[in-house]
Amino acid sequence: MRQDAIFSPFFASMILTLLVWAYMYIRRINFITSRKLKPQELTISNTLAQISPPSVSNPSDNLKNLFEIPVLFYALVLYLFITQQVDTVYVLAAWIFVVFRVLHSIVHCTFNLVILRFYLYLFATLAVWFIALRAAFIHLSR
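Note that the structure is predicted; figures quoted are calculated from it, not measured. (Residues numbered from 1 in each chain as written. Predicted model: local features only at pLDDT ≥ 70, side-chain atom pairs only at ≥ 80, totals over all residues. Heavy atoms only, no water.)

A. Highlighting the side chain of Gln85. Tracing the sequence through the fold places Gln85 in the loop between helix 4 (69-82) and helix 5 (88-109). We classify Gln85 as buried; its relative accessible area is 9%. There is a polar contact of 2.9 Å between the side chain of Gln85 and the side chain of Thr83. Each residue touching Gln85, except ones within four places of it in the same chain, is listed here: Gln3, Tyr79, Leu80, Tyr90, Ile138 and Arg142. (Helix = DSSP H or I, 4+ residues; strand = E, 2+ residues; numbered from the N terminus. Buried < 20%, exposed > 50% of the residue type's maximum accessible area, 1.4 Å probe, protein only. Polar contact = N/O pair within 3.5 Å; in protein donor to acceptor, adjacent residues only side chain to side chain. Contact = heavy atoms within 4.5 Å.)

So, in structure tokens, the structure goes:
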């Protein structure tokens, strides 16, 4: 397998982050302009989060989520590439992670059914832990 195959899900995850970031700002700017809020009214930390409805705050919360477990994913992808361990199993697990993170973001940023969001997050995170544990096992068994 080509070692750079792992970069397709890697960049897909980054594109997801970009899309959520853009969506968050669209929602925020629409909210701020519709309420005719002045920028100075939002200088105190968390003011916007406190006065925003979920349709505005959820995309922001989701963007924060995209800088938690996905950071481990990015580190693992780079580790696998550098050590030339990329194989079909890792690429499949990486795509599982990305697909479930995309679904998680869609749910979180829209209708936000918490139990569904929980399971989508769980399956995505299990894929990352699988990658991490498999890589660690292989590394330690050498």
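B. Quick look at the layout of surface pockets. Looking at the largest pocket, its volume works out to about 170 Å³. What lines the largest pocket is simply Ala12, Ile15, Leu16, Leu19, Val20, Tyr23, Val102, Ser105, Ile106, Cys109 and Thr110. Put simply, the parts of the chain that give the lining of the largest pocket at least two residues each are helix 1 (7-34) and helix 5. Among the elements that line the lining of the largest pocket, the one with the most residues is helix 1, at 6 residues. (1 Å grid on protein atoms, 1.4 Å probe; cavity = no way out; pocket = protein on both sides within 12 Å on 5 of 7 lines; lining within 4 Å. Points joined across faces, edges and corners; volume = space filled by probe spheres on them.)

C. Helix 3 (residues 54-65), seen in detail. Relative to the 16 Å expected for 12 residues at 1.5 Å per residue, helix 3 spans 15 Å between its end C-alpha atoms, a close match to the ideal helical length. Each element contacted by the buried residues of helix 3 is listed here: helix 1, helix 4 and helix 5. (Expected span 1.5 Å × (residues − 1).)

D. A look at the environment of Pro9. Residue placement: Pro9 occurs in helix 1. We classify Pro9 as buried; its relative accessible area is 0%. Separated by 88 residues in sequence, Pro9 and Phe97 have C-alpha atoms that sit 8.4 Å apart.

E. Structural detail: the side chain of Asn65. Structurally, Asn65 is set in helix 3. Each residue touching Asn65, except ones within four places of it in the same chain, is listed here: Pro70, Arg101, His104 and His108.

F. Summary view of helix 5. Between its first and last C-alpha, helix 5 extends 31 Å over 22 residues, near the 32 Å set by a 1.5 Å rise per residue. Along helix 5, the positions that sit buried rather than exposed are Tyr90, Val91, Ala93, Ala94, Phe97, Val98, Arg101, His104, Ser105, Val107, His108 and Cys109. The N-capping residue of helix 5, defined by a side-chain oxygen 3.1 Å from the backbone nitrogen of Val89, is Asp87.

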